[in-house]
Amino acid sequence: MGLHDIRGQWCFLSGAADGLGNAIARELAARGMNLVLFDVQEGKVASLAHELLALGIQALPVVADLADAAGTQTAVAEAVRQVGPPRALIHDAAVLTPRPFREWTFEGWRRELDIILQGAFVLAKGVWEPMIAQGHGSIVFISSGSALRGFPLESAYTPAKHGQEGLMKVLSIEGAEFNIAVNTATTGAPIDTPMSWGHYTPEMRERMISPSRLAPAFAYLAALDAEQATGLRFDAFQLSEAISLRTEAARA
Ligand SMILES: NC(=O)c1ccc[n+]([C@@H]2O[C@H](COP(=O)([O-])OP(=O)(O)OC[C@H]3O[C@@H](n4cnc5c(N)ncnc54)[C@H](O)[C@@H]3O)[C@@H](O)[C@H]2O)c1
């Protein structure tokens, strides 16, 4: 079986207001995919939806704080009620607060975990039964080097990303019989986004690339079935480069 045609299909995307999520939204919209845009930044997500609607894409802005499990559950259920089961869920939203362990409070630590890891659980749980009912779906969590290694000042972000990687592995096994692909995608390169401005060293800032360079990977991932790829950790930069080279070769 080939990749799904994502045109006219829905993607639920968290973290759509800024950074990589915003670039993914624009890429998927350019390929004809409709979008439910979840974010805590009301003004930015509303204006993105407005822009995409002007391009003829159906775009639904949803203001949700992923640290609020009950509010997020309600928001996802309402989105499913309005547009039906999504073809894809991409959980991009995250925060990274660089802070020594001795300065973390439990509440601050818990909030960062809740946005990243609880968010992954609640979003996936909200689309799981609808995807089973439609017979297919693709779930992608955005990963990081911090899902595999420890970094100083990341006692919230690193365990949250490790947990998300673990959740992907379990859901990919359980999702296989329902044809739900579950994968993670790491950026593969430092990206020029608000998150990076807050904590990257000058040397890393020199290597930052535009998040739009990673976006083609997510159109591919949104189109996957479980039998094609599941339980994998993709490098979004490498995958996007390969897709761009293939597209150029096809045009030549
Ligand atoms: N920036 C990098 O170089 C880099 C490297 C590796 C992995 N990542 C990952 O890529 C993804 C995107 O990162 P980015 O650099 O674009 O970050 P960003 O900070 O630029 O954007 C994050 C988005 O998440 C949203 N968000 C934050 N808190 C939220 C909440 N409580 N509820 C709902 N939405 C919320 C923000 O409003 C924003 O739109 C993240 O998962 C991040 O961990 C980034």
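This section reports on the structure supplied with the text.

1. Here's the deal with the overall build of the chain
Then comes step 1: Within the chain one finds nine helices and seven strands.
Then comes step 2: Relative to the 2.2 N^0.38 estimate, which gives 18 Å for 252 residues, the radius of gyration of the chain is 17 Å and therefore close to what a compact globule would have.
Then comes step 3: Seen through its C-alpha atoms, the chain measures out along the principal axes to roughly 50 × 45 × 35 Å.
Then comes step 4: When the accessible surface of the chain is totalled, it reaches about 11,600 Å², and 56% of it is carbon and sulfur.
Then comes step 5: Across the chain, the centroid of the 20 positively charged side chains sits 3 Å from that of the 27 negatively charged ones.

2. Details of the site of the ligand
Then comes step 1: Around the ligand lies a shell of 30 residues, among which Asp39, Asp92, Tyr157, Thr193 and Tyr200 are the nearest.
Then comes step 2: Side-chain polar atom of Asp39 to an oxygen atom of the ligand: 2.6 Å apart, as the coordinates give it.
Then comes step 3: Here Thr193 contributes a side-chain N or O atom positioned 2.5 Å from an oxygen atom of the ligand.
Then comes step 4: When the free accessible area of the ligand is taken as 840 Å², the share hidden by the protein chains comes to 94%.
Then comes step 5: Going through the elements one at a time, helix H1 (19–30), helix H4 (106–134), helix H5 (157–175) and helix H6 (194–199) are the ones with two or more residues in the shell around the ligand.
Then comes step 6: No other element matches H6, which puts three residues into the shell around the ligand.
Then comes step 7: Of the residues belonging to the shell around the ligand, the class tally is 16 nonpolar, eight polar and six charged.

3. Here we look at the environment of Pro159
Then comes step 1: Following the sequence through the fold, Pro159 ends up in helix H5.
Then comes step 2: Taking the C-alpha atoms as reference, Pro159 lies 9.5 Å from Arg149; in sequence the two are 10 residues apart.
Then comes step 3: Those residues in contact with Pro159, other than ones at most four positions away along the chain, are Trp109 and Glu154.

Rules behind the numbers
- Residues numbered from 1 in each chain as written.
- Predicted model: local features only at pLDDT ≥ 70, side-chain atom pairs only at ≥ 80, totals over all residues.
- Heavy atoms only, no water.
- Helix = DSSP H or I, 4+ residues; strand = E, 2+ residues; numbered from the N terminus.
- Rg over C-alpha atoms; globule rule 2.2 N^0.38 Å.
- Areas by Shrake-Rupley, 256 points an atom, 1.4 Å probe, with all protein chains shown as cover.
- Lys, Arg positive; Asp, Glu negative; His and termini not counted.
- Charge placed at Lys NZ, Arg CZ, Asp CG, Glu CD.
- Near = heavy atom within 4 Å.
- Polar contact = N/O pair within 3.5 Å; in protein donor to acceptor, adjacent residues only side chain to side chain.
- Nonpolar A, V, L, I, M, F, W, Y, C, P; charged D, E, K, R; others polar.
- Contact = heavy atoms within 4.5 Å.

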